[in-house]
Amino acid sequence: MIRKNNVSKPLKEDYIIRIKSRIEQRLDEPAAEEEKEEFVELMTRGSFTKKNGSYYISYKETQTIGFEGCTTTIKIAEDGSRVALLRFGKVNTQLVIQRDYRNICYYETEVGPITLGVTGDGIACDLSEPAGGTAKFSYLLDADDPTALINRTTLEIQVEKVK
């Protein structure tokens, strides 16, 4: 017997979501110019809603980023104080970003789970329902030790209602 609350709803894909990611590698070590930054751009369809003072942007991952079979949800506090990056499916991750605060977060990889330190260093939210808008945030990632920086990531997200 399947209980109704165990059945997941299909994801409504009535928004275009564009994500630009800029990753500055290993800030604590010198690197060759071509190794210092990595840029990734993604355009996909997904959902956008507002509930209980937060915006939710959800989309299905593809093999392009390496997380095919997962759904990613970005939860952004309306006041811009907090962002949660949540991924569910064949791997599960949860990164919580707060301005000027270091969170310890759980991150699953193909070789097993790891714990990461995540320190938010900027969050800007210009979203509104149902129109969409933009959000931008950045964070420092460390290897569960604030002195062992891995990278600084900046994400810019555009959400636009499909016409």
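As the structure is a prediction and not an experimental result, all values here were calculated from the model. (Residues numbered from 1 in each chain as written. Predicted model: local features only at pLDDT ≥ 70, side-chain atom pairs only at ≥ 80, totals over all residues. Heavy atoms only, no water.)

Peer 1: Quick rundown of the overall build of the protein? Include the residues and the values.
Peer 2: Helix and strand counts for the protein stand at 0 helices and 10 strands. Taken from N to C terminus, the helices and strands of the protein fall in the order β-β-β-β-β-β-β-β-β-β. Here the protein holds 163 residues, and 39% of them are scored as buried. With the model as given, the accessible surface of the protein reaches about 10000 Å², and the carbon-plus-sulfur share is 50%. (Helix = DSSP H or I, 4+ residues; strand = E, 2+ residues; numbered from the N terminus. Buried < 20%, exposed > 50% of the residue type's maximum accessible area, 1.4 Å probe, protein only. Areas by Shrake-Rupley, 256 points an atom, 1.4 Å probe, with all protein chains shown as cover.)

Peer 1: Talk me through the confidence of the model for the protein; I want residue IDs and the actual numbers.
Peer 2: Per-chain confidence: the protein averages 86 in pLDDT, with 85% of residues scoring 70 or above. The weakest mean pLDDT in the protein belongs to strand S7 (residues 102–109) at 88; the strongest belongs to strand S3 (residues 54–60) at 96. Note on residues 1–7: pLDDT is under 50 here. Beyond four places in sequence and across chains, it has 1 contact. (pLDDT = per-residue confidence, 0-100. Contact = heavy atoms within 4.5 Å.)

Peer 1: How would you sum up the pairing of strand S10 (residues 149–161)? Please name residues and give values.
Peer 2: One face of the sheet, then the other: side chains in a regular strand alternate in exactly this way. For strand S1 (residues 15–25) and S10, the ladder comprises 11 bridges, and the chain directions are antiparallel. Looking across to S10, one finds that Ile17 is bridged to Val159. Pairing of strand S9 (residues 132–142) with S10 involves 11 bridges; the strand directions are antiparallel. Opposite Ser138, over in S10, you have Thr154 as the bridge partner. Between S9 and S10, which pair antiparallel one after the other, the connecting turn spans 6 residues, and Asp144 there sits at a positive phi close to 60 degrees. (Pairing = 2+ DSSP bridges.)

Peer 1: Please set out the environment of Lys51 residue by residue, giving values where relevant.
Peer 2: Inspection of the secondary structure puts Lys51 in strand S2 (residues 37–51). Distance from Lys51 to Lys75, taken between C-alpha atoms, is 9.8 Å for residues 24 residues apart in sequence.

Peer 1: An account of the environment of Ser21 is needed here, citing residue identities and associated values.
Peer 2: Take Ser21: it is sitting in strand S1. Along the backbone, Ser21 and Ser138 are 117 residues apart, and their C-alpha atoms lie at a distance of 9.5 Å. Not counting the four nearest positions on each side in its chain, Ser21 is found in contact with Glu38, Phe39, Val40, Thr153, Thr154 and Leu155.

Peer 1: Can you tell me about the side chain of Thr153, naming the residues and giving the values?
Peer 2: Along the chain, Thr153 falls in strand S10. Of the residues examined, Thr153 reaches a relative accessible area of 5% and is grouped as buried. At 3.1 Å, the side chain of Thr153 and the side chain of Asn151 are in polar contact. Excluding its chain neighbours within four sequence positions, the residues that come into contact with Thr153 are Ser21, Arg22, Ile23, Phe137, Ser138 and Tyr139. (Polar contact = N/O pair within 3.5 Å; in protein donor to acceptor, adjacent residues only side chain to side chain.)

Peer 1: Tell me what's going on with the pairing of S7, and back it up with residues and numbers.
Peer 2: When strand S6 (residues 93–98) meets S7, the two strands line up antiparallel, connected through 2 bridges. Its bridge partner being in S7, Thr93 is matched across the sheet by Tyr107. Connecting S6 to the next strand, S7, in antiparallel fashion are 3 residues, including Asp100 with a positive phi near 55 degrees. Both S7 and strand S8 (residues 112–128) contribute to a ladder of 8 bridges, which runs antiparallel. When the bridges of S8 are listed, Ile104 appears paired with Gly117. Count of turn residues in the S7/S8 antiparallel hairpin: 2 residues.

Peer 1: Which residues make up the sheet that holds S1, and what values go with them?
Peer 2: In spatial order, the strands read S1-S2-S3-S4-S5-S6-S7-S8-S9-S10; together these 10 strands close into a barrel with antiparallel pairing. On average, each strand axis in the sheet is inclined to that of its neighbour by 30 degrees, with strand direction left out of account. Of the pairings in the sheet, the one linking S8 to S9 comprises 11 bridges and is antiparallel in character. In the strand pairing of S9, Asp126 is matched with Thr134. (Axes fitted to C-alpha atoms, helices over the stretch in contact; angles between N-to-C directions.)

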